[in-house]
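Below, each chain spelled out in residue letters.
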Amino acid sequence: MSYEKEKQLVAEEAVKLIKSGMIIGLGSGSTSAFFIKALKERIQNESLNISCVATSLLSKELVTGFIPLIEESLRNEIDITFDGADLIDLKTFHLIKGGGGALLREKIVAARSKQNIVLVDSSKLASPLEGFPVAIEIVRFGYESTVLRINELGYSGHVRHKDGKAVLSDNDNYIFDIVFNGPIKDPQKHHSRLKNLLGVIETGFFLETATKVYIGYPDGKFEIKERP
Ligand code: 5RP
């Protein structure tokens, strides 16, 4: 089974957690897109009464006109959020997110959610976390000075570009991808150091949020793990 099929499998399993009346958080990326598709099908077939908030403009586009959206001020608590990840360490439930550049909204939604369900294919498992750049959302104004401060702490990487242009997050900020050579042994330490830097808005380390993870495997099976 391909990674795409694994994503679809966990999305179709996890959508069974949804009950009528819930407020749902919808993540970003290809796994979340499978989830949104499965959710739309359930809503159509079962006339579920739910409302949602999306963690990216792209995900919002996928649900607009199909699922009522709640106020983005997040006055209301979210019952359950479903999102993908770039890496997960199943021993600690630490995640790396931000491959799609939506880390800030994803973290704000996760923090307002009673439950956070992470949906991953088997390529995302890494204990300790290793092998994927860690996205940092930084303010555009003075960004070269922010990059210098990041470099002074010993981190290297690059401002994310696409088609020759710097990528803008949904919040109009830049994304700086830090490349770690080797395993990330103390993500909490890296998160705290980076988060304290002037010009840094948020890091792609999601250390406290995940409550449950659905993992797809190449043999067509899936596994559900609860936070240790
Ligand atoms: C976006 C994210 C995504 O959840 C992460 O990149 C996983 O993406 P995909 O489901 O396409 O593999 O953090 O900011």
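Conventions and cut-offs
- Residues numbered from 1 in each chain as written.
- Predicted model: local features only at pLDDT ≥ 70, side-chain atom pairs only at ≥ 80, totals over all residues.
- Heavy atoms only, no water.
- 1 Å grid on protein atoms, 1.4 Å probe; cavity = no way out; pocket = protein on both sides within 12 Å on 5 of 7 lines; lining within 4 Å.
- Points joined across faces, edges and corners; volume = space filled by probe spheres on them.
- Helix = DSSP H or I, 4+ residues; strand = E, 2+ residues; numbered from the N terminus.
- Nonpolar A, V, L, I, M, F, W, Y, C, P; charged D, E, K, R; others polar.
- Domains from an automatic or database assignment.
- Contact = heavy atoms within 4.5 Å.
- Buried area = accessible area lost by both parts, 1.4 Å probe.
- Salt bridge = Lys/Arg side-chain N within 4 Å of Asp/Glu carboxyl O.

1. Considering empty space enclosed by the protein
1) Next: Overall, the coordinates contain one cavity of 30 Å³ or more when judged by the stated rule.
2) Next: There is about 80 Å³ of room inside the largest cavity.
3) Next: T81, D83, L95, K97, E106, A110, N116, I117, V118, F206 and T209 are the residues that line the largest cavity.
4) Next: Mapped by element, the contributors of at least two residues to the lining of the largest cavity are β3 (78–83), α4 (103–111) and β6 (113–120).
5) Next: Per-element tally for the lining of the largest cavity: the top contributor is β6, with three residues.
6) Next: Class assignment for the residues of the lining of the largest cavity results in five nonpolar, three polar and three charged.

2. So, the domain arrangement of the protein
1) Next: Per the domain assignment, the segments making up the protein are domain 1 (3–123 + 207–217) and domain 2 (134–202).
2) Next: Inter-centroid distance (C-alpha atoms) of domain 1 to domain 2 is 24 Å.
3) Next: Each partner contributes residues to the interface: domain 1 has 16 residues there, and domain 2 has 14 residues.
4) Next: In this assembly, domain 1 packs against domain 2 so that about 1200 Å² is buried in total across both faces, 59% of it on carbon and sulfur atoms.
5) Next: When the area that domain 1 buries against domain 2 is broken down by residue, the three leading residues are L103, L104 and L207, summing to 41%.
6) Next: Counting across the domain 1 and domain 2 interface gives one salt bridge.
7) Next: A salt bridge links E202 to K107; the nearest nitrogen and oxygen atoms lie 2.8 Å apart.

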